[in-house]
Structures are given as structure tokens and as C-alpha cells.
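# Descriptive analysis of the structure
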Amino acid sequence: MSFELASLNSKLINRSQVNKMKALTTILSRFVPINIENIDTDQIIPARFLKATTKNGFGKNLFRDWRYYNDDESKTRADFPLNMSQFDGEILVAGKNFGCGSSREHAAWSILDYGFRVVVSSFFADIFKNNALNNGVLPVQVSEAFLQRIFLQDNNTELTIDLEKQTITIISTGEQEHFDISSYKKTCLMNGYDDIDYLISIKEEIQKFELEKL
Amino acid sequence: MEIQTHNDSYKIPPAGSRAERRERTEFGGATLFEKIWDKHIVKTIDDGPSVLYIDRHFIHEVTSPQAFTGLNKRGIKVLRPHQTIATADHNVPTLNQHLPIKEELSRLQVEALIQNCHEHGVELYGLGHPFQGIVHVIGPELGITQPGMTIVCGDSHTSTHGAFGAIAFGIGTSEVEMVFASQCLLQSKPKLMRINIEGELNKGVVSKDIVLYILSKITSSGATGYAIEFAGSTIRSLSMEARMTICNMSIEMGGRCGLIAPDEITFNYIKGKPLSPKEEQWQVSLNKWKTLYSDTDAVFDKEYYFKAEDIEPMITYGTNPGMGISVSATIPTVDTINENDKSGLAKSLTYMGLTQGAAIKGQKIDYVFIGSCTNSRIEDLRLVASFIKGKHKADDVEVWIVPGSKQVEAQAIAEGIDKIFEEAGFMLRQPGCSACLGMNEDKIPAGKYCISTSNRNFEGRQGAGARTLLASPLTAAAAAITGFVTDVRELLN
Ligand code: SF4
């Protein structure tokens, strides 16, 4: 651990964490596959559900317009994976360029609120990736080939994500791939810290910067 | 280094990593982006992101309430309220704005914004204020947006402000809270891309066509991970409004932000705006701004070159903004479409009710929406008005013009443009995001076709089941007159 992260650790000890994220180290779970590319945040959570002033309760509207016909909860689309009882788990697996479009963090909140802790894709849009990390949802970027291997597995297959080792493994076949994450973000996720805690902790340095550089 | 060969406009950069190449150049060879970025770094975490100082923070009612709640839970206030500017735009009605908002949740959101701004000492240009409007329209027109700044907002189209030579990008709500708490963000430096466009534009082609054309070439994820600088003689000839339209849609290519080096056109635009620097401060600012350009030996990770003469009036046929073609072309087939959109083509066309290989020209239109932070500025309204003067909309088409701000609305009325709209049967509404995202009651009904000057044609973006065709204000106006997708060049003398 770098000096910076060690000092972050020490600064946060004994501090009551107001919005503490759930720490994440390893996840072993089945997965829900949505084999569609370019899934934008308007699909993840349509704009008409952004009127809340809290972060809770978005899960029930996750992929709303792909889950129901005519916005009617009694008319579920049987062919959408979230509605298929054979699929379950804390891991969402989706096609490349996941989370493009609007910056709405509600997309990450709805994914977390629904019960996912990890999203696996071969490519993530920038803003979504940040939003996910800031909420304790881990975006795991794998190669296109590995992604296609996951899509080929049956619905009982489990995946393990080991954040410490930065690996994702298909349990039944033993296939494994390494994924990237900055060591700063890794420390935050493994300990449930967020960037706000860190930024507040360096307030004096920021004020000094304002005086000297602006 | 990533190399794309499928696109013949792409020039492969010289060998070596960008950092190495920069070291080799004698005078530093800084890009516009780096000149601004380097000045705003408070510190860099070892093997981690940098702490980036933020000069201006715009907020609105939809992505700020949870951030204020976070602050309140921590028992802290907005650190620099005077660098924070608020408006209500996403969720406001565009008719009868003087009356209380009917929809309860929308009203609560707007009320929460008023309350939060009051408690934290943040200036609010809310409903009824003469400066109210879409956040990316008011920042520039008030002179708040200036070259060399770092600007953020909880809205992805913050990239608009980059047209002034600023680093401007959209953030999530947790990041809004970070900026509230510390006036800083943790950011990794993006890779750098330059898109050059040279030459004179064809008749009937405007800046929206340029950006839809670029998108159709590099796709909706072509710039993910990059900051984009738009350059070249075509860009330099554009007005500020036109430049904003291009930077606005940088995010649709996946870009972190888009920038254009400031020049006389930029300075003349800013001069005299309500909140721009005045008197001695003006000269000080101007001297600083004049240093903001990419050095001739600056190095980019990726460069594209396009010719203005190749660009025709554009329109989208699919469900991401990269799925665009010239209005006179046919919809691609699985064999002719770019790799990025191949797997989604069938799904997209089913949603849109369109056919592979068919002409887009002649497609029936039900609604025309001229508005959004992409195309709702006074120049857009003037362009539409000059084109439709003396004409009338087709009978079965509904046409909404939603100005970007109260100032745009007032200017349009002062110039008598409102009368031209009225005579043509176009409905001039009040400022807000409106049918761009269909959050208020301005929604396009399921299955209906809307030619829209906004920036996103995602499924359901303008209302569940709505079918969006993105185009320029000129192409949208042409469709309003004829009732179907039209090549505007055929109507121009
Ligand atoms: S007009 Fe549309 S894109 Fe622009 S800020 Fe509003 S919702 Fe976002």
C-alpha cells in the first residue's frame, strides 16, 4: 500500500462513516446475462424515474422498459433475462459499451438496489464506471472473447470475482482472466471508503492550492 | 497504442508512447487540454487519480438532491458556494411556468433545489428568474463559462462548455457531493484525441451535421477514454453557438470532454456578458486566454482528419447517435454498417419501425422538436425562422420550439421571431429540457416519429416507445414544412 493510501487509512480510523459503502472483497455467485451491446443509462433507468430525492428504491425500475410491456407491471416480457427465473445472482454480465449516455448515477443506484454488486462487460462508458465505483459496484472489464465464453455458460454456472487478486473465474471450466483497477480504487472498495472521505481529509492542501495557484 | 485501420481518415501517430514523444519535443509540446489540466492539479495520488480543482460547478434539480442530503448527513456546507450556480431545467414544465408545478414529484424536486440553494448560499436562477434556462445554455450566455476553466455539472452534456477552451465534463451525483465538499474531484487523466475538419461547408449543412457525421464515422464509443480537441479551418470559421453544438455531442462519442481553442470569436462572444470579466480584469483574462491553444509540436494519442466538403445534411435512423447517415442515403444493412453497431442493427430497426436498405428520405414524421442544450440557442431559432418565413407546417405534424433559456426567449420575442413561428403553426414553449429527455409532460407518444434537434435517440428517450430521428434545426424545420424527412437542400434557393 502506498504512503498516500496508508495515510488515508489512518485518517479514516475512528471517523464515523456517514455514507459508508459496503466493502467488497470476493464475490462468488451465479450471473444474469444481458447479451446486448451499447446499453445506455436511459435503458438502465428511464428518465421518468429520476424524480426521487433519495438514493433508495430504484431497483424496482431497473431496465423498466425492457422488463414490462407498456409500462405495465402485470405484463412482464418473458424473454428478458431479469424476468427469467433460471437466472439469478449478484453479477450482471452485459455486452460491450455498457452504461453509455446520460451521467445519471441513478443507473448505478438501481443496479445496486436490485442486488447486483458486480457488472461484467468488455467495455464500460467512463462516467458509468466512476459512478459504479463510487457506490461499491465493481465494473469488471474483460476481453470480448472471455465475455463471449461467459455468455456460452449455462444458467447454473458460477463466477468468482477476487478483487484482491484482480481475477474473474468461470468456476465450472476454470477459465480465468485478470482485470484492471487502480490501486486507489481497489483500496477504497475493499474497505468501503469513498472519495468524499478522502477529499475532505485533504481540505488544508486544497485551501493552500487556492491561495497559491489561483 | 490503439490503431484503427477501418477508417481511412485516421492518421497513425508516430511511434512511442505519448509521454515519450512529449519528452522528445524541445518546447514541451503541450496540448490545449494539458495546459488547463496541469494548472488545476492540487496533487496526484501515487498509482492513483489526481485531485483536480474545479473552477465552476453547475447544478440542477435532478442530480443534486442526494448530494445535498449527503452533505447534510456529514454536517458540512458547500465549501465554495460562489463557484456554484444552480438552475431548474430538466424537470420543469414548458407551458404556464408562472403556475405551481402540477406533477407532485417534479414539484418536490424543484422545491428541494430552492431549499438546498438557500441553506448553502448557492445562487439559483430558478423558474421565474430572467436567467433561468438549460444549464448548458445559461452558463455561456451569462459569461460564467470562460476559457481555461475546469467546469463540471451532474449532466453529461457539460462537454458543451468546452467550446470556450475549457475542460468541462459531466459527473455523477457522488461527484457532485465531492465538489460541494471540497471543490475538487479525483480524476485520471484521459487520453487525447484531435479531430480536424478542413474546408468550407456545403449549402444546407450546419454544425449539427458536422457532429452527426463525425459520430457516424467514429461510432458512439469511438472516443471513450479520450478528451477530444476539435480543430481545423471549418471549426475556426464557426460561431460560438455552432461550436457549442459540436462540443455538446462529444459525450455521444464516449469522449470525456470536447474542447476548441479560444480565439477572437470566443472573446467577442464573452465580452459584455452579464458575468464576464470587466474593465482591468478583462485585459488580464484576455492575456491568459490567448495562451490557450495546442502547441504546433503537441502530440495526441489519436488524430482524425475529415473534409467539410464530404459532409451532407445528416439524420439518424437507429437508437444510438452514431447510427447516422446523409438524408439522401439509404439505411445500412448488416453488410454495410460499421462493426460497432452490427449486432444492434436489427433490434434498433425493429424499435424504429424502419427497414435495412430503405431510403430515409420520405419517412413520415409526427412531431418536430427544436430545442435542447444542443440546438436551442438564439442562432438556432433565427436559422429556423429565416427558413420557414412565409411557409406553414404540414397539417398532421406537431411542432414544438423550446428555447434554451429565458434570455433566448426574450431575444426571440424582441426580434419578432415568435410571430414567424406562430404564423407557421410552430408552438413556441417556455425554456427547459423538455422532450429531450421526456421527464416532464413533453413526451412523444409510443410509436410516433419525432425529428429532433436534441442529442440522443436512445429507446424511450423522448417517451416510452417514442422513435427519435436526430437532425439539425434546418433539417428538422424542413420536415416540419413537408411532413416527412426531407433533404433541405431541395427547398433552399
Ligand atoms: S437538454 Fe437534454 S441533454 Fe441537455 S441538459 Fe437537458 S436533458 Fe440533458
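Residues numbered from 1 in each chain as written. Chains lettered and ligands numbered in written order. Predicted model: local features only at pLDDT ≥ 70, side-chain atom pairs only at ≥ 80, totals over all residues. Heavy atoms only, no water.

Looking only at helices and strands, chain A features nine helices and seven strands. For chain A, the C-alpha radius of gyration of 19 Å lies close to 17 Å, the compact-globule estimate for 214 residues. Expressed as lengths along the three principal axes of its C-alpha atoms, the size of chain A is roughly 60 × 45 × 30 Å. Here chain A, with 214 residues, has 57% of them falling under the buried criterion. When the accessible surface of chain A is totalled, it reaches about 8,800 Å², and 48% of it is carbon and sulfur. Side-chain charges of chain A comprise 24 positive and 29 negative groups, with the mean position of each set lying 4 Å from the other. (Helix = DSSP H or I, 4+ residues; strand = E, 2+ residues; numbered from the N terminus. Rg over C-alpha atoms; globule rule 2.2 N^0.38 Å. Buried < 20%, exposed > 50% of the residue type's maximum accessible area, 1.4 Å probe, protein only. Areas by Shrake-Rupley, 256 points an atom, 1.4 Å probe, with all protein chains shown as cover. Lys, Arg positive; Asp, Glu negative; His and termini not counted. Charge placed at Lys NZ, Arg CZ, Asp CG, Glu CD.)

The subject of this paragraph is the overall build of chain B. Of regular secondary structure, chain B possesses 17 helices and 20 strands. The C-alpha atoms of chain B give a radius of gyration of 22 Å, which matches the 23 Å a tight globule of 493 residues would have. Taking the principal axes of the C-alpha coordinates as reference, chain B spans close to 60 × 55 × 45 Å. In chain B, which comprises 493 residues, the share counted as buried stands at 67%. Here chain B contributes 49 positively and 57 negatively charged side chains, and the mean placements of these two sets differ by 1 Å.

Residues and elements named next belong to chain A. Considering the arrangement of structural elements, one finds Ser122 in the loop between strand S3 (118-121) and helix H5 (126-133). Of note is the side chain of Ser122, whose polar atom sits 2.6 Å from the side chain of Glu144. Those residues in contact with Ser122, other than ones at most four positions away along the chain, are Ala94, Lys96, Gln141, Val142, Ser143, Glu144 and Leu147. (Polar contact = N/O pair within 3.5 Å; in protein donor to acceptor, adjacent residues only side chain to side chain. Contact = heavy atoms within 4.5 Å.)

A separate point is the site of the ligand. Around the ligand, the surrounding shell consists of His90(B), Ile134(B), His136(B), Asp155(B), His157(B), Ser372(B), Cys373(B), Cys433(B), Cys436(B), Leu437(B), Asn455(B) and Arg461(B). Of the residues contributing to the shell around the ligand, the split by class is five nonpolar, five polar and two charged. (Near = heavy atom within 4 Å. Nonpolar A, V, L, I, M, F, W, Y, C, P; charged D, E, K, R; others polar.)

Here the focus is the packing of aromatic side chains. Taken as a whole and assessed by the stated rule, the structure comprises 20 aromatic pairs over all chains. Between Phe98(A) and Phe124(A) the ring centres are 6.3 Å apart and the planes differ by 80°, which places this aromatic pair in the edge-to-face class. Placement of Phe98(A) in the loop between strand S2 (91-94) and helix H4 (106-114) and of Phe124(A) in the loop between S3 and H5 is noted, with a sequence separation of 26 residues between them. Taken as a pair, Phe98(A) and Phe124(A) share a single burial class, namely buried. Relative to Phe131(B), the ring of Tyr125(B) has its centre 5.3 Å away and its plane inclined at 80°; by these criteria the two rings are edge-to-face. Using a relative accessible area of 7% as the deciding quantity, one classes Tyr125(B) as buried. Taken together, Phe63(A), Trp66(A) and Phe80(A) form an aromatic cluster joined through their ring pairs. (Phe/Tyr/Trp six-rings, centres within 6.5 Å; stacked < 30°, edge-to-face > 60°.)

Turning our attention to the interface of chain A and chain B. The interface is formed by 59 residues belonging to chain A together with 67 residues belonging to chain B. Both faces combined, the contact of chain A with chain B buries some 5,000 Å², and carbon together with sulfur accounts for 57% of it. At the junction of chain A and chain B, the tally comes to six salt bridges. Where chain A packs against chain B, one counts 23 residue pairs in polar contact (both at pLDDT 80 or more). Counting residues per element, the ones that place at least two in the side of chain A that touches chain B are helix H1 (3-12), helix H2 (41-44), helix H3 (64-67), H4, H5, helix H7 (183-191), helix H8 (195-201) and helix H9 (203-213) of chain A. Its residues assigned to classes, the side of chain A that touches chain B shows 22 nonpolar, 18 polar and 19 charged. (Buried area = accessible area lost by both parts, 1.4 Å probe. Salt bridge = Lys/Arg side-chain N within 4 Å of Asp/Glu carboxyl O.)

Let us now look at the packing of helix H3 (residues 65-74) of chain B against helix H4 (residues 104-120) of chain B. Residues and elements named next belong to chain B. Their axes nearest at 10 Å, the elements H3 and H4 cross at an angle of 40°. When the axis of H3 is compared with that of H4, the two are oblique. Crossing angle aside, the handedness with which H3 passes H4 is left-handed. Across the interface between the two elements, Pro65, Phe68, Leu71 and Asn72 from H3 touch Asn116, Glu119 and His120 from H4. Here the residues of the contact of H3 with H4 are counted per class, giving three nonpolar, three polar and one charged. (Axes fitted to C-alpha atoms, helices over the stretch in contact; angles between N-to-C directions. Parallel < 35°, antiparallel > 145°, perpendicular 65-115°, else oblique. Left-handed = near helix turned anticlockwise from the far one by under 90°.)

Residue and element names in this part refer to chain A. Under the defined criterion, the tally for this structure stands at 33 salt bridges over all chains. The residue Asp71 makes a salt bridge to Arg48 at a minimum N-O spacing of 3.2 Å. Of this pair, Asp71 sits in the loop between H3 and S2 while Arg48 is found in the loop between H2 and H3, placing the two residues 23 residues apart along the sequence. Through salt bridges with shared partners, a single ionic network connects Arg48, Arg64, Asp65, Asp71 and Glu73.

Here the focus is the confidence of the model for chain B. Residues and elements named next belong to chain B. Averaged over every residue, the pLDDT of chain B is 93; the share at 70 or more is 94%. The model gives residues 1-8 a pLDDT under 50, and that stretch makes 13 contacts with residues more than four places away or in other chains. Interface predicted TM-score (ipTM) for the complex: 0.87; the corresponding pTM is 0.91. (pLDDT = per-residue confidence, 0-100.)

Residues and elements named next belong to chain B. In spatial order, the strands read S18-S17-S16-S19-S20; together these five strands make up an open sheet with parallel pairing. The open sheet has two free edges, formed respectively by strand S18 (427-428) and strand S20 (467-470), since each of these has just one partner strand. Inspection of the sheet shows strand S17 (residues 398-401) paired to S18 by two bridges, in the parallel sense. Residue pairing across strands places Trp400 opposite Met427, the latter belonging to S18. (Pairing = 2+ DSSP bridges.)

The next thing to look at is unusual backbone geometry. A negative phi angle is the norm for most residues apart from glycine, just as the trans form is the norm for most peptide bonds. All names here are of chain B. Phi is positive for Ser372, close to 80°, though the residue is something other than glycine. Mapped onto the secondary structure, Ser372 falls in the loop between strand S16 (367-370) and helix H14 (378-388). Of the residues examined, Ser372 reaches a relative accessible area of 1% and is grouped as buried. For Ser434, which is not glycine, the phi dihedral falls at a positive 55°. Mapped onto the secondary structure, Ser434 falls in the loop between S18 and strand S19 (449-452).

To continue, consider the side chain of Asn135(A). Here Asn135(A) shows up in the loop between H5 and strand S4 (138-141). Classification of Asn135(A) as buried rests on a relative accessible area of 11%. Within polar-contact distance, the side chain of Asn135(A) engages the side chain of Trp109(A) at 3.1 Å. Engagement of the side chain of Asn135(A) in a polar contact is seen with the backbone oxygen of Asn131(A), the distance being 2.7 Å. Ignoring any residue separated from it by four or fewer positions in sequence, one finds Asn135(A) in contact with Met21(A), Glu105(A), Ala108(A), Trp109(A), Leu112(A) and Ser174(B).

With 92 residues, the main nonpolar core has Ile59(B), Ile195(B), Ile197(B), Ile214(B), Phe230(B) and Met253(B) as its most contacted residues. A per-element tally of this core places helix H7 (residues 207-218) of chain B first, with seven residues. Val119(A), Leu349(B), Ile420(B) and Leu469(B) belong to the second-largest nonpolar core, a separate cluster that totals 80 residues. (Core = buried A, V, L, I, M, F, W, Y, C linked by side-chain atoms within 4.5 Å.)

Another aspect to go through is the pairing of S16(B). All names here are of chain B. Side-chain alternation along S16 places Tyr367 and Phe369 on one buried face and Val368 and Ile370 on a second face that is also buried. One ladder, built from three bridges, connects S16 with S19; its direction is parallel. Bridge pairing links Tyr367 to Cys450 in S19.

Mapped onto the fold, Leu491(B) is located in the segment after helix H17 (473-482). Taking the C-alpha atoms as reference points, Leu491(B) and Met249(B), separated by 242 residues in sequence, lie 27 Å from one another.

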